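Listed below are the residues making up each chain.
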Amino acid sequence: MMVSENAAAEDSSAVASLLPLASGAQQPYVSELLSFTLDRLHKEPELLRVDAERIQRQMQEVAVGNYRAFIAASDALLVIRDEVSSVDKHLESLIGEIPKLTSGCTEFVESAEEILEKRRMNQTLLANHSTLLDLLEIPQLMDTCVRNGNYDEALDLETFVCKLSTMHPKLPVIQALAAEVRQTTQSLLSQLLQKLRSNIQLPECLRIIGYLRRIGVFSEYEMRLQFLRCRQAWLTGLLEDLDQRNPYDYLKGMINYQRQHLFDVVNQYRAIFSDDTSGNEENHDGGLLFSWSMHQIASLLKTLKIMLPKITEGVSLSNILEQSMYCAMGLGWVGLDFRGLLPSLFEEAVLNLFAKNMGTAVENFQLVLDSHRWVPLPAVGFPANSVNDESLDDVTPPSSLMEHPPLAVFVNGVSAAMNDLRPCAPISLKYVLAQELIKGLQTVADSLLRYNTTRLLRDNESGLFLSLCRAFIEITYPHCANCFGRCYPGGAALVMDAKGLYDGIGRLLTNSTSRGLPKPVGDENKDKSENSITENGGIPVVENGVAPVVEQTNETNADEKEQKQSWESMASSMKEGSAGQQEQPAPRLQIYSTSDTVSPFWREKYEREAKKHWDVFYKRHQDRFFKDRHYLDKEWGQYFSGAGQKVILEVGCGAGNTIFPLVATYTDVFVHACDFSPNAVNLVKKHKDFTESRVNAFVCDLTIDDLSQQISPSSVDIVTMIFVLSAVSPEKMSLVVQNIRNILKPSGRVLFRDYATGDLAQERLNCKDQKISENFYARGDGTRAFYFSNEFLTSLFKENGFDVEELDLCCKQVENRSRELVMNRRWVQAVFCLSDDTNSDTNSEAAIRIDYPSGQGKMELDVDDNILPKPVNDLEVDMSDSVAVEMFGLPTSTDSDNEVIELKLGGWTFKIKVLSKENQHTCKSTGLMLWESARFMAPVIARNPTIVAGKRVLELGSGCAGICSMIAARSAELVLATDGDTKALDLLVENVMSNLRPPISDKFTTRILEWGNKDHIEAIKQVNSGGFDIILGTDVTYIPDAILPLFQTTKELISSNDQAALILCHIFRRVDEPSILSAASRFGFKLVDQWPVETPITPSQSIINSWFPENGSAEVSRGPLHILYFQKE
């Protein structure tokens, strides 16, 4: 029992242990099994089998009955399996992409955070927008402050920005703002320094230095240095603006500037930098101010040393000395007294001036003596003044010297020297200047002795010569000593005590006593005619601009003017009289023009460059040259007034001197203004009264352009031509008149004013050889002027469809008392209208009258002591530079006519003086300039000295330069440079003396040579009788008529040596080489070689090609130089 119970318990426990193993769906069934009895459990398998069979049958029945559903379910199952498999694969791919998704999400989060940060910043920016705009406008505001001179506000802004930059060093906006402010600060700094370079006073200087200290760019030492540099730049600018062409005015202005402004600068420096000790001599470095001041004083003294020798008048030297002493005394108040340094400078200048004047006096004496004709002159008596009486005020040259023109010229020169010495006579130079005077007197005495030795005089001529010698001892010598005594007390004794000065002349007079001296000219000579006196140059002296009246005892009707001429006029008359008696030379061939007009080349050049010259004129003078022509209203007011708007055309408007007075006077006029100078039209457009509504200004050349392209035809009421048609070539004047005719209304008028024949300017230009054609001239600045006659002007307008309504010849005489000039000004004034059938008869005879400014039938004298007369209402003159000089008789400097060309050849530097380019068009001689082929040929000779080595060289037509001859002189045995122009030879001698030194200069000779002139050829043969081995000519073949005489002369002068050669060089332009070869053959010359050519004439020689470097020939061959090498056949 116990066993069965135990077995049952074990079974129960085993079943209970099985329950957890059953699935959720099986647990109810298991629970039911547990409740069965054992029998029931033994039956259960059978029951289950029966149920299984039943279910199987049912399933079979169901499957048979619903087979389609099972088939569909099977298919669906297959599809589901495939889909599940695909999903499984996609799940695996998804699992692989999850890390990327995670990373993208992370990046998105970070980007979102950045965007949020920017958004927060933008929100902050938007909230502070106005403040930020204020900051960004600081540079512009600061720049405005700087430009308006509000420097305090600008510096406050700069300080504020610097503080911001320090507080926010990492903010880009603040740093960019600071960079812009620094640039504006630099502009402020430049502007402040520029103000220091201007004319400012101490208060302004203090303000500027204060600003510079606030900027903090400079240290204190640099600040002082900058201050002195800027003030010096200002002083230098003032001095550079002075005109150095007039040394006196330049020095006067310079000293005045230094006196005023140097004193101010020193005081400004001491007031601003009060702690500076630069004036203390104990300071080891001298101090900035002291060093700078000494530099300024040294610069002033250096300028004085350079410019004083250029002053040619003693009064000017005296004035400069007075100005300098006054300046030094004024600067002494600031410790810069330099009076002790002035004497040596002025002593040297006075000595040079006196020596130069004495040299001129001696030279003039020699010239007059050499050309003097020994004929009796009227005696006027000897002076009664004592020689040693220095207290006498009258030191007028003795009138008795009129009998001896050479001595008169010399005394006049000595008087001029004394007049220059007297205002500025240093005591320290007393003995030196006395020796200079004695030297001059000794030279005159030696000249007289030499003249007596070298000249063969007839008995009557010898007597006159000895009389001149006696006058030199008894009158000239004491008078010169007396003049010197007026400059220096006791000076006369120094001169009179000179030992042996006239011993030679004394012995000459003593030796001639035995032969008997001719009696002085008696009263019978006093009755000789005026022509005799003029013939011998007997003209009274002028001293200091005052002509002494020479008393005439027998001619009561003598002209007073002939009693008031100068010693210089006497000498000039003698030269002209002597030249007039000489035999006229035979006609000669010259390679330069002898016509009274300019050459065709210059005529074409003036025409071609007319626009350029006027453009330069207005560029140089701007609107400061001509006065406004307010007289138009007075002369032609009736034409401008009237009902309705008047349309005016101003031809050649210039700077608007006609336009704007009309616009200001007549408010209802419209003006067309044209000029062919663009600079002139620009000046009109820049005028303060220019408005496009009233003035139409345009560029137009009326000889070429069609006016109707700018102005409607027949639309102009009045055409004004004021001093404009004279600038047009006469051949083209008709084109201008026709052009204005097309735009003029049928009732219109042409108002004309221009230069008339007989004007003073025309007379001056005639003397200057600047004539282009009849009444047409070129001025020194390249502009041109035509002088109208009434006949020419009337014919010009009538031939082009105009009638003459009015035609006046206006004359005015202006006197300049200070220069004793009387200037006759003449211009023609006319009114023209268009001709037609109805009024041609009535207008053909216009009244032609001569108007005088006084309104009377005589000339009016308008006297003014100044150089330029005051403008007169009805006077308009041409004020071009050269005409102004000529019109008022201002002296011109010959040095300004030349220029120096520097050439470096063969290790030598040559400085060649030639006629300046600005003056070449006024000179007929071609020898006063350096021609191109000489420039090219000189380096060839320098590189190849064997061309002339040891040979005798002759240069034909060397001109004033002679550069080829000077190069040849280094290697040649003898060099002779020739030219047919004496002016060119004189300048050549000057160039040789300044560029060559012995022994080279000893081999160099110059001679005049006109080709074909037998006398000249014989004179050259006397210099070198054996002929010349090399004859050279550069640019001497451009005139066809000169070629035959050239070869004829060469044949006479070339050596008999077979190797002797003629070398001709020219620049290829219009040279007729066939004519050269023909002339050469005619006189027995053959062309041996020429250059450049591809194949030499004699290939075995190749003479010219050997002159050029191996690699240089090709380079030179591209140049324009042509060389022809001839030898005798």
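Residues numbered from 1 in each chain as written. Predicted model: local features only at pLDDT ≥ 70, side-chain atom pairs only at ≥ 80, totals over all residues. Heavy atoms only, no water.

In terms of helices and strands, the chain carries 40 helices and 21 strands. Counting every position in the chain, which comprises 1129 residues, the buried fraction comes to 44%. Counted over contacts in the chain with a minimum sequence separation of 6, partners at least 24 positions apart contribute 74%. (Helix = DSSP H or I, 4+ residues; strand = E, 2+ residues; numbered from the N terminus. Buried < 20%, exposed > 50% of the residue type's maximum accessible area, 1.4 Å probe, protein only. Contact = heavy atoms within 4.5 Å.)

A contiguous patch of negative charge, built from E107, E110, E113 and E114, is present on the exposed surface. Mapped onto the fold, E110 is located in helix α4 (residues 67–127). (Patch = residues over 30% accessible without salt bridge, like charges linked within 9 Å, V, L, I, M, F, W, Y side chains within 5 Å. Areas by Shrake-Rupley, 256 points an atom, 1.4 Å probe, with all protein chains shown as cover. Salt bridge = Lys/Arg side-chain N within 4 Å of Asp/Glu carboxyl O. Lys, Arg positive; Asp, Glu negative; His and termini not counted. Charge placed at Lys NZ, Arg CZ, Asp CG, Glu CD.)

Bringing the pattern of salt bridges into the picture now. By the definition in use, this model includes 28 salt bridges. Residue R214 pairs with D152 through a salt bridge whose shortest N-O separation is 3.5 Å. Highlighted residues: R214 in helix α9 (residues 202–215) and D152 in helix α7 (residues 151–167), separated in sequence by 62 residues. The partly exposed category is assigned to R214, whose relative accessible area is 39%. The salt bridge involving R749 is made with E805; its shortest N-O contact spans 2.8 Å. Of this pair, R749 sits in strand β5 (residues 744–755) while E805 sits in strand β9 (residues 802–816), placing them 56 residues apart in sequence. Relative accessible area serves as the criterion here: at 22%, R749 is assigned to the partly exposed category. Judged by relative accessible area, E805 falls into the partly exposed class, the value being 24%. One network of salt bridges, with partners in common, ties together E46, R49 and E53.

Next up on the list: the nonpolar core. Of all hydrophobic cores here, the largest spans 121 residues; its most connected members are L212, L304, L308, F410, L437, L448 and F472. Among the elements that line this core, the one with the most residues is helix α17 (residues 459–487), at 15 residues. Counting residues in hydrophobic clusters, the runner-up holds 52 residues, among them I912, A942, I963 and I1104. (Core = buried A, V, L, I, M, F, W, Y, C linked by side-chain atoms within 4.5 Å.)

Inspection of the secondary structure assignment puts K430 in helix α16 (residues 430–454). At 2.6 Å, the side chain of K430 and the backbone oxygen of P489 are in polar contact. When residues no more than four places from it in sequence are discounted, the contact partners of K430 are F484, Y488, P489, G490, G491 and L494. (Polar contact = N/O pair within 3.5 Å; in protein donor to acceptor, adjacent residues only side chain to side chain.)

Strand order across the open sheet formed by 7 strands is β17-β16-β15-β18-β19-β21-β20, with mixed pairing between neighbours. The two strands at the open ends of the sheet, each matched to only one other strand, are β17 (1004–1008) and β20 (1085–1091). Ignoring strand direction, the axes of neighbouring strands in this sheet form an average angle of 20°. Strand direction decides the pairing type here: strand β15 (residues 952–956) and strand β16 (residues 974–979), joined by 4 bridges, are parallel. By the bridge assignment, V953 is partnered in β16 with V975. Against the sheet, helix α34 (residues 932–943) engages β18 (1030–1034), β19 (1061–1067) and β21 (1121–1128), with an angle of about 130° to β19. In this fold helix α38 (residues 1043–1053) packs onto β15, β18, β19, β20 and β21, with an angle of close to 150° to the strand it touches most, β19. (Pairing = 2+ DSSP bridges. Axes fitted to C-alpha atoms, helices over the stretch in contact; angles between N-to-C directions.)

Now for the packing of helix α37 (residues 1014–1023) against α38. Two numbers describe how α37 lies on α38: the axes approach to 10 Å, and their chain directions differ by 30°. It follows that α37 is roughly parallel to α38 by the angle criterion. Read as a crossing pair, α37 and α38 show a hand that is right-handed. Residues I1017, I1020 and K1021 of α37 touch α38, and the partners they reach there are T1049, E1052 and L1053. (Parallel < 35°, antiparallel > 145°, perpendicular 65-115°, else oblique. Left-handed = near helix turned anticlockwise from the far one by under 90°.)

For the peptide bond that leads from P998 to P999, omega is 5°, which places it in the cis range. Along the chain, the position of P999 falls in the loop between α36 (982–995) and β17. Even without being glycine, S714 reaches a positive phi, approximately 55°. Structurally, S714 can be placed in the loop between β3 (695–699) and β4 (716–722). The phi dihedral of N775 is positive, around 65°, even though this residue is not glycine.

Mean pLDDT for the chain: 77, with 78% of residues reaching 70 or above. Here helix α21 (residues 530–535) stands out as the least confident element of the chain, with mean pLDDT 34; β15 is the most confident, with 94. Under a pLDDT of 50 for its full length, residues 381–393 has, in the predicted model, 28 contacts with residues more than four places off or in other chains. Here residues 1111–1118 is modelled with pLDDT under 50, and outside its nearest four sequence neighbours on either side it reaches 7 contacts, counting other chains as well. (pLDDT = per-residue confidence, 0-100.)

The sheet contact formed by β4 and β5 spans 6 bridges and is parallel. Bridging across to β5, T720 finds its partner in L751. Where the polypeptide runs from β4 across helix α28 (residues 733–743) and back to β5, its parallel neighbour, the crossover connection is right-handed. (Right-handed = clockwise from strand over helix to strand, strands pointing away.)

The next subject is the sheet that holds strand β7 (residues 776–778). Strand pairing within a sheet occurs via backbone hydrogen bonds; the two strands may be parallel or antiparallel. If you trace the 3 strands from one edge of the open sheet to the other, you get β6-β7-β8, paired in antiparallel fashion. Edge strands, defined here as strands with exactly one partner in the open sheet, are β6 (771–773) and β8 (784–786). Pairwise comparison of adjacent strand axes, ignoring direction, gives a mean angle of 30° for this sheet. As defined by bridge partners, β7 adjoins β8 across 3 bridges and the pair is classed as antiparallel.

Turning our eyes to something else, we now look at the pairing of strand β13 (residues 898–905). Sheet topology places β13 next to strand β14 (residues 908–915); 8 bridges connect them, and they run antiparallel. Looking at the pairing, E902 lines up with K911 of β14. Between β13 and β14, which pair antiparallel and follow one another directly, the connecting turn spans 2 residues, one of which, G906, has a positive phi of 55°.

Attention now moves to the packing of helix α14 (residues 342–371) against α16. The description of two helices packed together rests on the angle between their axes and the distance between the axes. Interhelical geometry of α14 versus α16 gives an angle of 15° and a closest axis separation of 10 Å. Here α14 lies roughly parallel to α16, going by the angle between them. Crossing handedness for the pair α14 and α16: right-handed. Listed contacts from α16 to V350, L351, F354, A355, M358, V362, F365, Q366, L369 and D370 of α14 are V432, L433, E436, L437, G440, T443, V444, S447, L448, R450 and Y451. Residues that form the contact of α14 with α16 fall into these classes: 14 nonpolar, 4 polar and 3 charged. (Nonpolar A, V, L, I, M, F, W, Y, C, P; charged D, E, K, R; others polar.)

How two aromatic rings sit relative to each other is set out by the distance from centre to centre and by the angle between their planes. For the structure on display, the rule yields 29 aromatic pairs. Their ring planes at 45° and their centres at 6.1 Å tell us that F227 and Y269 sit as a pair that is tilted. Of the two residues, F227 is situated in helix α10 (residues 220–240) and Y269 in helix α11 (residues 247–272); the sequence distance between them amounts to 42 residues. Owing to a relative accessible area of 1%, Y269 belongs among the buried residues under this scheme. (Phe/Tyr/Trp six-rings, centres within 6.5 Å; stacked < 30°, edge-to-face > 60°.)

The subject of this paragraph is α10. Between its terminal C-alpha atoms α10 stretches 30 Å, which fits the 30 Å expected from 21 residues at 1.5 Å a residue. Buried within α10 we find M223, R224, Q226, F227, L228, C230, R231, W234, L235, L238 and L239. (Expected span 1.5 Å × (residues − 1).)

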